[in-house]
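Close look at the chain arrangement
Chain by chain, the residues run as shown.
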Amino acid sequence: MITCPGELAPHIAGERHVEKVALTDVAARFGTPCYVYSRAALTAAWQDYQQALAGRDALVCYAVKANASLALLGLFARLGAGFDIVSGGELARVLAVGGSATRVVFSGVGKRHDEIAAALAAGIYCFNVESASELLRIDEVARVHGMQAPVALRVNPDVDPKTHPYISTGLKTAKFGVAIDEAPELYRRAAAMSSLRVRGIACHIGSQLLDPLPAAEAAAKVAQLADLLHGEGIIIDHLDLGGGKGIAYGEESAPSAADYLAPLLQALAGRREKLVFEPGRSLVGNAGLLLTRIEYLKHGRERHFAIVDAAMNDLMRPALYDAWHEIVPVRERAGEVRSYDVVGPVCESGDFLGQCRALTVEEGDLLAVLSAGAYGMTMSSNYNTRPRAAEVLIDGETAILIRRRETIAELMAAELPLPDVAPTTPCPPG
Ligand SMILES: *Cc1c(COP(=O)(O)O)cnc(C)c1O
């Protein structure tokens, strides 16, 4: 498993490679900006969880929203993964790569009728229900289809995960889930609904968690709830402890899955329920980077700027969360070290990938933005009518294009002109 960002792209003969492929060659073949993933690193991250859970009845459901690339989903499906989805679109992706619906959990606060129906038809493992109204809706949709819907309630154990407020989800004030003290009453109601089958309890307290104790604390509260329900004859088959394990973006050290899960597994020692986990970031984050080329250097009086061809629309995390990604040149060069803001071409002051980075670079150099495998491509947009980046998977000595760069024509393809201003052939000059 990759434990520090730079490990994905070590220097070989003065140049950064992913596995056996030089990043310069990737840029030459596929252009920039370009996301680059390592099959070996993805597989190692998966195995890190498998080893941590060896001997347990456990299901690891990869959180599709972290990186929804069909190639990555297909890889995880072949490794035996389940999937945590948050939309009908993500379900379609999982099914498209031959992922097993019986290992899919469906999270999210706003499931629509059609999404619930599609998940029921596919035969998913469990709906993670986030409100009383949703419980009623799922019961109704299941009844209409003559089916029984497997459900877990997502509870808020109200533990502070000590992470960024935007990615902290398990506090009382969050929009997610139901307060754990209101859960027993809702479980009683669910147990009485004829088209629901109560199956589990779910929680997910936040993301980018480096301290394992909040997750263990949450697990203990969830287990207590299971015992209380058991006493009332409501039998819980599985405990879904969510995702959230953090990765190293910089110098911080991130725990392995075994270290992260140890206190949690200890808190649940001797219990009979199946355990479900929903890791996203920790399976893909450090297995990917964003490759970009410097278009211009701009030396202002106060600051130096490296203006690159990737932007906030490609990697939103710095603009959205003030997130820090390590940025390294693909080839080291001799010369003056300057402190650069690495910025994109988008017309927003928030459009930066990194600030105050000590770099020795020239125009035309390639940079690698590390730890970009999670919440990179999936959060990208076409802002400023910028086609989204290409994606490449490295497998040993082979670079495989897994998503070609969008074309500008594709960006306009779904749009309909107003009838009276339909595009015409341009007027001849004069
Ligand atoms: C986002 C999310 C995950 C994955 O979180 P990571 O921090 O990427 O591991 C898992 N479960 C739910 C319900 C989520 O919303």
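See above for the structure.
All figures in this text were calculated on a predicted structure; none of them were measured in a lab.

Some remarks on the site of the ligand
Near the ligand lie 14 residues; those nearest to it are Lys-65, Ser-207, Glu-278, Arg-281 and Tyr-375. For the ligand, a nitrogen atom lies 2.6 Å from a polar atom in the side chain of Glu-278. A distance of 2.8 Å separates an oxygen atom of the ligand from a polar atom in the backbone of Arg-281. When the residues that make up the shell around the ligand are grouped by side-chain class, the tally is three nonpolar, six polar and five charged.

A short note on the pattern of salt bridges
Here the structure, examined in full by the defined rule, presents 19 salt bridges. Notably, a salt bridge pairs Arg-331 with Glu-15, separated by 3.4 Å at the nearest N-O pair. Taken together, the residues span a long stretch of sequence, with Arg-331 in the loop between β16 (327–329) and β17 (338–343) and Glu-15 in strand β2 (residues 15–18) at a distance of 316 residues. Overall, Glu-15 belongs to the buried group, its relative accessible area being 10%. With its nearest N and O atoms 3.1 Å apart, the salt bridge here joins Glu-185 to Arg-188.

Section: the packing of helix α6 (residues 132–144) against helix α7 (residues 183–192)
Look at α6 against α7: their axes get within 11 Å of each other, and the N-to-C directions meet at 10 degrees. Taken together, the axis directions place α6 and α7 in an arrangement best described as roughly parallel. Residues Ala-132, Leu-135 and Leu-136 of α6 pack against Leu-186, Arg-189 and Ala-190 of α7. In terms of residue class, the contact of α6 with α7 is built from five nonpolar, no polar and one charged.

What counts and what doesn't
Residues numbered from 1 in each chain as written. Predicted model: local features only at pLDDT ≥ 70, side-chain atom pairs only at ≥ 80, totals over all residues. Heavy atoms only, no water. Near = heavy atom within 4 Å. Polar contact = N/O pair within 3.5 Å; in protein donor to acceptor, adjacent residues only side chain to side chain. Nonpolar A, V, L, I, M, F, W, Y, C, P; charged D, E, K, R; others polar. Salt bridge = Lys/Arg side-chain N within 4 Å of Asp/Glu carboxyl O. Helix = DSSP H or I, 4+ residues; strand = E, 2+ residues; numbered from the N terminus. Buried < 20%, exposed > 50% of the residue type's maximum accessible area, 1.4 Å probe, protein only. Axes fitted to C-alpha atoms, helices over the stretch in contact; angles between N-to-C directions. Parallel < 35°, antiparallel > 145°, perpendicular 65-115°, else oblique. Contact = heavy atoms within 4.5 Å.

None of this, on its own, says anything about what the molecule does.
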